[in-house]
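What follows is each chain in one-letter form.
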Amino acid sequence: MVNHERLRRYLKQFATFNDNRDDHGVTRLGYTLQERQAHAFFSREMSKLGAQVYSDNAGNTIAEFAGTRSTAPALACGSHLDSVEHAGRFDGVAGVIAAMEIAHIRASETETAWNHPLKIVVFATEEGARFGQACVGSRIAARLHTSESLSQLSDATGISAFRAMQELGLNPNDLAAAQWQPHEWKAFIELHIEQGPSLDKSGFDAGIVSTISGSTRLSFTFTGVASHSGGTPMRIRRDALAGAAEFLVAAEEYALQRAPLDFLDPGLRITTGQLSVEPGGITTIPGVCTLSVDIRGVVDTVQQECAHDLMNLAHRIANHRQLECTCHHVSEVLPEHLSADVQQVLHDAAHVCGTRVCTMVSGASHDAQIIQRICPSGIVFIPSLNGGVSHSPHELSRVSDLATGVKILYSALRKLDTLQDCGG
Ligand SMILES: [Zn+2]
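We now turn to the structure provided with this report. Chains are numbered independently. Their residues run from 1 in the order of the written sequence. Under the rules for a predicted model, residues below a pLDDT of 70 receive no local features and side-chain atom pairs below 80 are neither given nor counted, while totals for whole chains, interfaces and linings still include all residues. The side-chain values count all of the structure's non-hydrogen atoms but skip hydrogen atoms and water molecules.

### Considerations on the coordination of the zinc ion
Just so we agree on the cut-off: Each metal site is built from N, O and S donor atoms within 2.8 Å (3.2 Å for Na, K and Ca), and since water is not included, such sites may look incomplete. Under the scheme used here, helices are H or I runs from DSSP no shorter than 4 residues and strands are E runs no shorter than 2 residues, and both carry numbers assigned from the N terminus. Residue burial is assigned from relative accessible area. The probe radius is 1.4 Å, only protein chains are included, and a residue is buried under 20% of its type maximum, exposed over 50%, and partly exposed in between.
Taken together, the protein donors to the zinc ion comprise His80 (NE2), Asp91 (OD) and His192 (NE2), at separations of 2.0 to 2.1 Å. Mapped onto the sequence, the residues coordinating the zinc ion show the spacing H-x10-D-x100-H. With His80 in strand E3 (residues 74–80) and Asp91 in the loop between E3 and helix H3 (93–108), this pair connects stretches of sequence that are 11 residues apart. You can call His80 buried: its relative accessible area is 0%.

As structure tokens, then:
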């Protein structure tokens, strides 16, 4: 039923839409020509199968296949085609190709017709790589963006998402038609690579995602006294970086003490990815140290309690070292739980297909968590190889695992097609 050769061909084809001149992976940032070229290829392939294809002003592209009940809400599946810089060939693309394969299977069917319309969706600008925010296209669909908020997102060169969209011929002043109406959508399922090692390590064929990790971002500033490195005795120093370093190690210990033994549950994760020191001279004791903390959690109360505990910890360490410490909340997104009904349908589908699946948590964000605000949504993960590496040219998944994911996806959509609609 699933055509492995076609999956392979599409993987190869999408990798050619690449802005990367140094032959190091694939670069196809959101709202760029390369992303639009990939969407155009998708459109052509789906049109050949008889779909009605359109791109809206968010840059999302939707291929629609009619069902026997024209007024029924749509069943949808898909993912994204943009990438980070120097990415691999699978992130997002795997889910789009899987959804395209569903369309091919549907087109080849001669028996039982689908009751509901089937929509294959490609979201624009899912990666936060260019504008610092993930899921821009799906956020527009979920009414989480206005033309004003799109003007406020800007890339490293100062170009706003609003302007980038205009330059591609999209009209970010007119988003109405790009905003999805809940009554028009029955369910959305996204297939995605895991982007972690758990499935490959545990030998499961696929994972059904229950929860998407939340993220609380904090910024800490430790302030001490900048002074001469030769002239200032150790015992009277007020070294801002030494205080920050003690805090980082204590924060790591905090997360390690709470780390679950089950590797399908990522638990609490604490990361400092940015740190700056002032004045930054080799012969000057650091006077100011500013650092970021990213807390990822699966349970909202645990995530919030962690933020609170880390602030207390920073103040205790600062007091002890006679430093000043300030902290502010940069942003907070709580963990999202995907539709229990869609999860059940996916588990049943996996059982019907004879595949071994587990329930798991997603560490990264995905379009499906945004679309969950519009209609019941689900995510199927397929194994990532090479230690689960992603956002890297070394990203790898097996075509046979992708095919297994397609079977689960197909069986789940077929099941949903037989279920009564809300209010129907
Ligand atoms: Zn992705």
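### Description of the pairing of strand E12 (residues 288–297)
The test is simple: Only strands that DSSP links by at least two bridges are regarded as paired with each other.
Most of E12 sits inside the fold, with 7 of its 10 residues counted as buried. Where strand E7 (residues 214–223) and E12 come together, 10 bridges link them in antiparallel fashion. Bridging across to E12, Thr221 finds its partner in Thr290. Here 3 bridges tie strand E9 (residues 269–271) to E12, and the two strands are oriented antiparallel to one another. Residue pairing in the sheet places Arg269 in a bridge with Arg296 of E12. Inspection of the sheet shows strand E10 (residues 275–278) paired to E12 by 4 bridges, in the antiparallel sense. Bridge pairing in E12 places Ser276 opposite Thr290.

### Section: unusual backbone geometry
Omega for the bond connecting Glu278 with Pro279 falls within 30 degrees of zero, at 0 degrees, which places this linkage in the cis form. With respect to the helices and strands, Pro279 occurs in the loop between E10 and strand E11 (284–285). Of note in the backbone geometry, His86 takes a positive phi value of approximately 50 degrees without being a glycine. Its place among the elements puts His86 in the loop between E3 and H3. Owing to a relative accessible area of 27%, His86 belongs among the partly exposed residues under this scheme. A positive phi angle, close to 65 degrees, is found at Gln195, a residue other than glycine.

### What about the pattern of salt bridges?
The condition that has to hold: The salt bridge definition used is simple: a Lys or Arg side-chain nitrogen within 4 Å of an Asp or Glu carboxyl oxygen.
The tally for this structure, following the rule as stated, stands at 16 salt bridges. The partner of Asp421 in a salt bridge is Lys186, with the nearest N and O atoms 2.8 Å apart. Taken together, the positions of Asp421 in the segment after helix H12 (399–418) and Lys186 in strand E5 (residues 185–193) put the pair 235 residues apart, joining distant regions of the chain. Several salt bridges share partner residues, and in doing so they unite Arg69, Lys186 and Asp421 into one network.

### Points about the packing of helix H1 (residues 4–15) against H12
Rules: Axes, fitted as lines to C-alpha atoms, cover a helix only where it is in contact. Angles between the N-to-C directions of the axes lie from 0 to 180 degrees. Angles below 35 degrees are treated as roughly parallel, those above 145 as roughly antiparallel, those between 65 and 115 as roughly perpendicular, and all remaining angles as oblique. Here a crossing is taken to be left-handed if its near helix is turned anticlockwise relative to the far helix by less than a right angle, and right-handed if that turn runs clockwise. Only heavy atoms matter for contacts: two residues are in contact if any of them lie within 4.5 Å across the pair. Nonpolar residues are Ala, Val, Leu, Ile, Met, Phe, Trp, Tyr, Cys and Pro. Charged residues are Asp, Glu, Lys and Arg, and all others, Gly as well, are polar.
Where H1 meets H12, the axes come as close as 10 Å, and the angle between the chain directions of the two elements is 110 degrees. Taken together, the axis directions place H1 and H12 in an arrangement best described as roughly perpendicular. Taken as a pair, H1 and H12 cross one another with a handedness that is right-handed. On H12, the residues that touch His4, Leu7, Arg8 and Leu11 of H1 are Val399, Ser400, Leu402 and Ala403. When its residues are assigned to classes, the contact of H1 with H12 shows 5 nonpolar, 2 polar and 1 charged.

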